Amino acid sequence: MTYAITQTCCNDATCVAVCPVNCIHPAPGEPDFGTTEMLYIDPRSCIDCGACADACPVDAIFPADRLTGRLREYEAINAEYYADREPGPAVASPNFHTWGEPAFPRSLPSDFAPLRIAVVGTGPAGMYAAEDLLLHTNAEVTLIDRLPVAGGLLRYGVAPDHPATKGAGETFARFHAHPRVRMRLGVEIGRDVTAEELAAHHDAVVYAVGAPSDRRLGIPGEDLPGSVSATSVVSWYNAHPETGADAVPLSAERVVVVGNGNVALDVARVLVMDPAALAETDIADHALAALSGTRVREVVLLGRRGPGDAAYTASELLALKHLPGVDLVVDDRDPRTGAAIDAAAAGEKAALLRDVARETVDWTRPPAPDRRRIVLRFHSAPVEALGTDAVRAVRVTEDGAESGTEIGAGLLVRAVGYRGVPLPGLPFDEVTGTVPHEAGRISGLAGGYVVGWIKRGPSGGIGANRACAEETVGTLLADAVAGALPKPTGTSAEFRRLARSRSKGLVDARGLAAIDRTERARGRDAGRPRVKLATVPELVAAARGSRWRRPV
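Residues numbered from 1 in each chain as written. Predicted model: local features only at pLDDT ≥ 70, side-chain atom pairs only at ≥ 80, totals over all residues. Heavy atoms only, no water.

Trainee: Teacher, can you tell me more about the overall build of the protein here?
Mentor: Counting its secondary structure elements, the protein contains 19 helices and 23 strands. Its C-alpha radius of gyration of 24 Å places the protein within 12% of the 24 Å reference for a compact globule of 552 residues. With respect to the three principal axes, the spread of C-alpha positions in the protein is 70 × 65 × 50 Å. In the protein, which comprises 552 residues, the proportion classed as buried is 54%. Put simply, 74% of the contacts in the protein that link residues at least 6 apart link residues at least 24 apart. (Helix = DSSP H or I, 4+ residues; strand = E, 2+ residues; numbered from the N terminus. Rg over C-alpha atoms; globule rule 2.2 N^0.38 Å. Buried < 20%, exposed > 50% of the residue type's maximum accessible area, 1.4 Å probe, protein only. Contact = heavy atoms within 4.5 Å.)

Take a look at the structure:
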């Protein structure tokens, strides 16, 4: 029996580090690491020890002979990766290396005074950086977030029906109560505390603020009511406190989603899946209520390019193919689409659509009332959102012509990527939407560093942040040893007093634990893993152990 890695693989390579026989690839140090959609176990080398499954932070690894349903395909997917290749040794693995002088990267000399480092942002990027600092140095870490609860995109960006992926948050949560960690949640840089004040109280500051905005389509009608960003939809169904319960109108039978990345697939899947299945997740109460009474029967995913160039991962498409009660259809009106699918070789993304129904969709007709479905329409781009007071249709290209086709829809969702936003006190590149840096060191800002999407742009999943954080922390520690970090003028206690005086909703580690207990208790009452608190006042009240009453 061998093991296989499945859909929820996060690519952070924790499994590689514990494998005793070097059977998981691509590994850190190999050319393909960080570029493949997931990691793969070589069935020829696996010795069935199960160490990788025990170490996996997102429960993505299972014995191959126990895979059932849609996961059964992953045994072949893992084996297929090794069909024509002989991977070399994993350079960074602790079990396979060239013997020589011991090396301790990302560490400080034993007699080095403890550093005080602030990490702004508690999503995966920030927590990988904090983890690296806590495990490799004696640094004291201040975790800061503008929201009164930790988690970032793990809490507010992962689809509710992906609980295993959300499980990575449990790995990070163990650091919230670390004796060298201080949590200052509900503190926004630029509103409550300036970047200069933050730097004055710490030896270094690592910014992990992500890419919270969305990219625009640049088409007429984009600002009509009924035109929203995927960022808003994802925040809405994840109970983000800055997204209202009425942010996503669901009065129409058809929705058009522009984009075919994983976020676009998440949005499409959540909008049409069985509300009873969603009721077993941590989806926002207001979203569950809206989806339980929704009229949405069809979601159209527009892809500018062909099926071979789709941005979604194979694992997310496979999940879409096996969605209970929902049909998946390929719009076959462009001959290039079917030709690409038929010509695709085994293992190519387009080949996964070979068994999917094809139909030349008649967009003049409304969706069938007795079925729910997702339509993949390739070689098609939006030209204009049509409507007077709200979106009523989307005009899209047909055979390259902008005069194209009208698709009747009451909701247009743009899912064409995220974008970073400027942070007061930091340089910003408007073209890339990132903070200029050198290996994580902010250009022209001594003691300032970046990690995650604000550093490299909105690319890569959860695990990609581990290597990103390793580089940034390595740069920071090298600067510390070289004496290049500015000396702070304020103390940790002074910063705590400053934060408390500026932020009326400050939450610490004890308050965060109280929020977690409250949400889990609400979940037990409802038969769900947790019921999220959806507003800042509710979160702060739970942190303080009081009951917040919504105004009448």
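Still to come is the rest of the account.
Trainee: What's the story with the pairing of strand 8 (residues 204-207) in this structure? I'm lost.
Mentor: The side chains of a regular strand alternate, residue by residue, between the two faces of the sheet. The alternating pattern of strand 8 places A204 and V206 and V205 and Y207 on opposite faces, both of which are buried. Across four bridges, the pairing between strand 5 (residues 116-120) and strand 8 is parallel. Paired with V120 across the bridge in strand 8 is Y207. Where strand 8 and strand 23 (residues 448-450) come together, three bridges link them in parallel fashion. Bridging across to strand 23, Y207 finds its partner in V450. (Pairing = 2+ DSSP bridges.)

Trainee: I'm lost on the nonpolar core in this one. Help?
Mentor: Soluble globular proteins: nonpolar side chains tend toward being buried together. Counting 74 residues, the largest nonpolar core has I24, I41 and L115 as its most contacted members. Take this core: its biggest share by element is seven residues, from helix 4 (residues 124-136). Not counting chain neighbours up to four residues away, the residues in contact with I24 comprise I5, C15, V16, C19, L39, Y40, I41, C52 and Y82. Judged by nonpolar contacts, the second largest core, of 47 residues, contains A264, M273, L288 and V330. (Core = buried A, V, L, I, M, F, W, Y, C linked by side-chain atoms within 4.5 Å.)

Trainee: I tried to follow the packing of aromatic side chains on my own but got confused; where do I start?
Mentor: How two aromatic rings sit relative to each other is set out by the distance from centre to centre and by the angle between their planes. For the structure on display, the rule yields four aromatic pairs. Relative to Y82, the ring of Y81 has its centre 5.0 Å away and its plane inclined at 85°; by these criteria the two rings are edge-to-face. Across the pair, exposure class does not vary: Y81 and Y82 are buried alike. (Phe/Tyr/Trp six-rings, centres within 6.5 Å; stacked < 30°, edge-to-face > 60°.)

Trainee: Quick question: what am I supposed to make of the sheet that holds strand 10 (residues 227-229) here?
Mentor: Strand pairing within a sheet occurs via backbone hydrogen bonds; the two strands may be parallel or antiparallel. Read across the open sheet, the seven strands follow the order 10-19-11-12-15-13-14; overall the sheet is parallel. Pairing within the sheet leaves two strands with one partner each, and these edge strands are strand 10 and strand 14 (357-359). Between one strand and the next, the sheet's axes are offset by a mean angle of 25°, whatever the strand orientation. Judged from the three bridges that link them, strand 13 (residues 326-331) and strand 14 form a sheet pairing that is parallel. By the bridge assignment for strand 14, V329 is matched with A357. Packed onto the sheet, helix 9 (residues 230-237) meets strand 10 and strand 19 (411-414) and runs at close to 75° relative to strand 10. (Axes fitted to C-alpha atoms, helices over the stretch in contact; angles between N-to-C directions.)

Trainee: Is there a simple way to explain the pattern of salt bridges in this structure?
Mentor: Inspection of the entire model under this criterion finds 42 salt bridges. We note a salt bridge from D42 to R44, for which the minimum N-O separation is 3.1 Å. Overall, the relative accessible area of 5% leaves D42 in the buried class. D266 is the salt-bridge partner of R269, the closest N and O atoms lying 2.9 Å from each other. Residue R269 and its partner D266 are both found in helix 10 (residues 262-272); the two are separated by three residues, about one turn of the helix. (Salt bridge = Lys/Arg side-chain N within 4 Å of Asp/Glu carboxyl O.)

Trainee: What's the story with the sheet that holds strand 16 (residues 382-386) in this structure? I'm lost.
Mentor: Pairing is antiparallel across the open sheet formed by three strands, whose spatial order is 16-17-18. Unpaired on one side and paired on the other, strand 16 and strand 18 (401-408) mark the two borders of the sheet. The average angle at which neighbouring strand axes cross in this sheet is 30°, direction not considered. In the sheet, strand 17 (residues 393-398) pairs with strand 18 via five bridges, with the strands oriented antiparallel. Counterpart to V396 in the pairing with strand 18 is T405.

Trainee: Honestly, the side chain of S315 in this entry has me stumped. Any pointers?
Mentor: Within the secondary structure, S315 sits in helix 13 (residues 314-321). You can call S315 buried: its relative accessible area is 10%. Of the polar contacts made by the side chain of S315, one reaches the side chain of T313; its length is 3.2 Å. With residues up to four places along the chain from it excluded, the contact list for S315 reads Q7, E37 and Y74. (Polar contact = N/O pair within 3.5 Å; in protein donor to acceptor, adjacent residues only side chain to side chain.)

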